[in-house]
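# Observations on the model geometry
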Amino acid sequence: MAFCNRFGSLLRQSSASKGQGSMGVLLNYIRCMSSTKVFVGGLSYGTDNQSLKEAFASFGDVIEARIITDRDTGRSKGFGFVNFDSEECANSAVSAMNGQEINGRNLRVSFANDRAPAPRRGGGYRARGYGDGDGYRGRGGYGDGGNYRGDGDYGGHDEY
């Protein structure tokens, strides 16, 4: 029932706004309706996990607040994620905090998108090397296509 009420409310808001991107906003809300994870962008580089949690704690129980950092330098990338214990808390945080100023920066708050799976890349010994066409098995190594034929002859010249 709550879903139907929320969906009806969003339809009314969408039809009333008549804006260029209102359909996209509606579809984004539908897609993220059951989400409790919120994306927070535009954070100052001095914001840490604890201060992010404190900024969003007034909207409900924050399960986790995490600033994304550069793996090499450890410095904040300027965005993070907040996980709430309920959808209602996440909805109120998104509507109230989007565009608000914290530490001199305007926040961009929206429902977090699921990360697309990274493409699988071959690497190491699987793509080339042992057993795949060059190296030790294919052309000229120790194995199926090399110079040693297994009959005591190393190929090439017959008379030694």
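Predicted, not measured: the structure shown is a model, and the values here were computed from it.

## A few points about the packing of aromatic side chains
- For the structure on display, the rule yields five aromatic pairs.
- Between F39 and F79, the ring centres sit 5.8 Å apart and the planes meet at 35°, which makes this aromatic pair tilted. Of this pair, F39 sits in strand β1 (residues 37-41) while F79 is found in strand β3 (residues 76-84), placing the two residues 40 residues apart along the sequence.
- Given the relative accessible area of 24%, F39 is considered partly exposed.
- Ring centres 6.4 Å apart and planes at 65° place the aromatic pair F56 and F84 in the edge-to-face group.

## Re the pairing of β1
- Here five bridges tie β1 to β3, and the two strands are oriented antiparallel to one another. Within β3, the residue paired with V40 across the bridge is G80.
- Here four bridges tie β1 to strand β6 (residues 108-111), and the two strands are oriented antiparallel to one another. Residue pairing across strands places V38 opposite F111, the latter belonging to β6.

## Describing helix α4 (residues 87-97)
- Regarding α4, the residues found buried are C89, A90, A93, V94 and M97. One side of α4 holds all its buried residues, which, seen down the axis, span an arc of 130°.
- Immediately downstream of α4, the backbone of G99 shows phi near 90°, a positive value.

## Some remarks on the side chain of N83
- Relative to the assigned elements, N83 resides in strand β3.
- The contact partners of N83, leaving out residues within four places of it in the chain, are T36, K37, D61, V62, I63 and E64.

## Brief notes about the pattern of salt bridges
- Per the stated rule, a full pass over the model turns up one salt bridge.
- R66 is paired through a salt bridge with E64; the nearest N and O atoms lie 3.7 Å apart.
- With relative accessibility at 35%, the residue E64 sits in the partly exposed group.

## Details of the environment of S76
- Within the secondary structure layout, S76 lies in strand β3.
- Accessibility expressed as a relative area gives 10% for S76, which makes it buried.
- Note: C-alpha distance between S76 and S44 (32 residues apart in sequence) is 8.3 Å.
- Each residue touching S76, except ones within four places of it in the same chain, is listed here: S44, Y45, I67, I68 and T69.

Quick notes on the rules
- Residues numbered from 1 in each chain as written.
- Predicted model: local features only at pLDDT ≥ 70, side-chain atom pairs only at ≥ 80, totals over all residues.
- Heavy atoms only, no water.
- Phe/Tyr/Trp six-rings, centres within 6.5 Å; stacked < 30°, edge-to-face > 60°.
- Helix = DSSP H or I, 4+ residues; strand = E, 2+ residues; numbered from the N terminus.
- Buried < 20%, exposed > 50% of the residue type's maximum accessible area, 1.4 Å probe, protein only.
- Pairing = 2+ DSSP bridges.
- Arc of directions from axis to C-beta.
- Contact = heavy atoms within 4.5 Å.
- Salt bridge = Lys/Arg side-chain N within 4 Å of Asp/Glu carboxyl O.

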